[in-house]
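Residues per chain, in single letters:
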Amino acid sequence: MIQEKIRGMGYEVFLGLVAIIIVLTFIYNLIIGNLFLSLLSMGIAVFGCYYLFKYILEEEEPLELMQGEELLLRTLDRGVVLFPRKKGKFFGKEGHRDLCLYLTSKRILARRRGEIVLDIPVDSIQNFREEKKWRSNYLRVTFLEKEKGRDVLLFVGNTKLWMEKLEGFIKPGEDEFLGDAGKVKELI
């Protein structure tokens, strides 16, 4: 596994990083007086910064949109999708982490490294609401899939902004049958 990572970054880059670690270790050793601690801390710092910058500068594949579809919102790569086993339950769930979540004019998408994990057409959404569990706000979206009601929990970051955009497509908590029954009741 380590050899694959070294091959992936290139031997020249790896040897350059090791040389930087050795130089910084001796400089840091002069400050704190502990060679092992300075070697460990400089190794973690240099390789951690390398992977952080590599992650930040990595270009993302463009999202393929359908004809007439418009991208409205996008999360960073920290999005989470949870599929509860039973409708409304939180424990005993299947989930995916470190996703990009997209809201387009036609669907909600969750993607990780080019693979689509979730694809919900906006017209199949029945309801959505903001919920708070364990100090995290998430968006619970109830939708129809193969004529069965399902729900999914989306950790999108700014749930208020997502709810504002979704309200343009569907009003949360509205039920057409009950709305029609209310109109009939008013007429009587």
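Residues numbered from 1 in each chain as written. Predicted model: local features only at pLDDT ≥ 70, side-chain atom pairs only at ≥ 80, totals over all residues. Heavy atoms only, no water.

*Asks:* Please explain the environment of Thr104 as it appears in this structure.
*Replies:* Relative to the helices and strands, Thr104 is located in strand S3 (residues 93–104). Sequence separation between Thr104 and Leu73 is 31 residues; the distance between their C-alpha atoms is 6.9 Å. When neighbours within four sequence positions are excluded, Thr104 is seen to be in contact with Leu65, Glu69, Glu70, Leu71, Leu72, Val122 and Phe169. There is a polar contact of 2.4 Å between the side chain of Thr104 and the side chain of Glu69. (Helix = DSSP H or I, 4+ residues; strand = E, 2+ residues; numbered from the N terminus. Contact = heavy atoms within 4.5 Å. Polar contact = N/O pair within 3.5 Å; in protein donor to acceptor, adjacent residues only side chain to side chain.)

*Asks:* Before we go on, may I ask you to explain the packing of aromatic side chains in this structure?
*Replies:* Geometry of an aromatic ring pair is reported as the spacing of the ring centres plus the angle between the planes. Under the criterion given, the structure shown has two aromatic pairs. Measuring from centroid to centroid gives 5.9 Å for Phe14 and Phe47, while their planes differ by 40°, and the two rings are tilted. In this pair, Phe14 sits in helix H2 (residues 11–32) while Phe47 sits in helix H3 (residues 35–57), placing the two residues 33 residues apart along the sequence. Given a relative accessible area of 22%, Phe14 falls into the partly exposed group. Taken together, a centroid distance of 5.3 Å and an interplanar angle of 40° make the contact between Tyr138 and Phe155 tilted. Here Tyr138, found in strand S7 (residues 136–145), pairs with Phe155, found in strand S8 (residues 148–155); they are 17 residues apart in sequence, far enough to count as distant. An identical accessibility class is assigned to Tyr138 and Phe155; each is buried. (Phe/Tyr/Trp six-rings, centres within 6.5 Å; stacked < 30°, edge-to-face > 60°. Buried < 20%, exposed > 50% of the residue type's maximum accessible area, 1.4 Å probe, protein only.)

*Asks:* Looking at this model, I keep getting lost on a nonpolar patch on the surface. Mind explaining?
*Replies:* A contiguous nonpolar patch, built from Ile20, Val23, Leu24, Ile27, Ile31, Ile32, Phe36, Leu37, Leu40 and Ile44 and spanning about 950 Å² of accessible area, is present on the exposed surface. Given a relative accessible area of 46%, Ile27 falls into the partly exposed group. (Patch = residues over 30% accessible without salt bridge, like charges linked within 9 Å, V, L, I, M, F, W, Y side chains within 5 Å. Areas by Shrake-Rupley, 256 points an atom, 1.4 Å probe, with all protein chains shown as cover. Salt bridge = Lys/Arg side-chain N within 4 Å of Asp/Glu carboxyl O.)

*Asks:* Looking at this model, I keep getting lost on H2. Mind explaining?
*Replies:* The periodicity of an α-helix, 3.6 residues per turn, causes residues three or four positions apart to be oriented the same way. Counted at 1.5 Å a residue, the expected span for H2 with its 22 residues is 32 Å, and the 31 Å between its end C-alpha atoms agrees. Of the residues making up H2, those classed as buried are Leu17, Ile21 and Thr25. Taken down its axis, H2 places every buried residue within 85° of arc, on the same side. Opposite its buried face, H2 presents the exposed residues Glu12, Leu15, Phe26 and Leu30, each directed more than 90 degrees away. Taken from the residues just after H2, Gly33 is the one with a positive phi, measuring 80°. (Expected span 1.5 Å × (residues − 1). Arc of directions from axis to C-beta.)

*Asks:* I tried to follow helix H4 (residues 159–167) on my own but got confused; where do I start?
*Replies:* Within the span of H4, buried status applies to Thr159, Trp162, Met163 and Leu166. With its buried residues spanning 100° around the axis, H4 presents them on a single face. For H4, the exposed residues lying more than 90 degrees away from the buried face are Lys160 and Glu164.

*Asks:* How should the nonpolar core be read in this particular structure?
*Replies:* In summary, soluble globular proteins display a tendency toward joint burial of nonpolar side chains. In this structure, Ile125 and Leu154 are the most contacted members of the largest nonpolar core, which totals 22 residues. Contributing elements (two or more residues each) for this core: S3, strand S4 (107–112), strand S5 (115–121), strand S6 (125–133), S7, S8 and H4. (Core = buried A, V, L, I, M, F, W, Y, C linked by side-chain atoms within 4.5 Å.)

*Asks:* Quick question: what am I supposed to make of the pattern of salt bridges here?
*Replies:* Opposite charge on two side chains allows them to pair when their charged atoms are near. If you walk through the whole model with that rule in mind, you get seven salt bridges. In this structure, the salt-bridge partner of Arg107 is Glu69, at a minimum N-O distance of 2.8 Å. Taken together, the positions of Arg107 in strand S4 and Glu69 in the loop between H3 and strand S1 (71–74) put the pair 38 residues apart, joining distant regions of the chain. Across the pair, Glu69 and Arg107 agree in class, each one buried. The closest approach of N and O atoms between Glu131 and Arg129, which form a salt bridge, is 2.7 Å. Residue Glu131 is classed as buried on the basis of its relative accessible area of 15%. A single salt-bridge network, built from bridges that share partners, covers Arg129, Glu131, Arg140 and Asp151.

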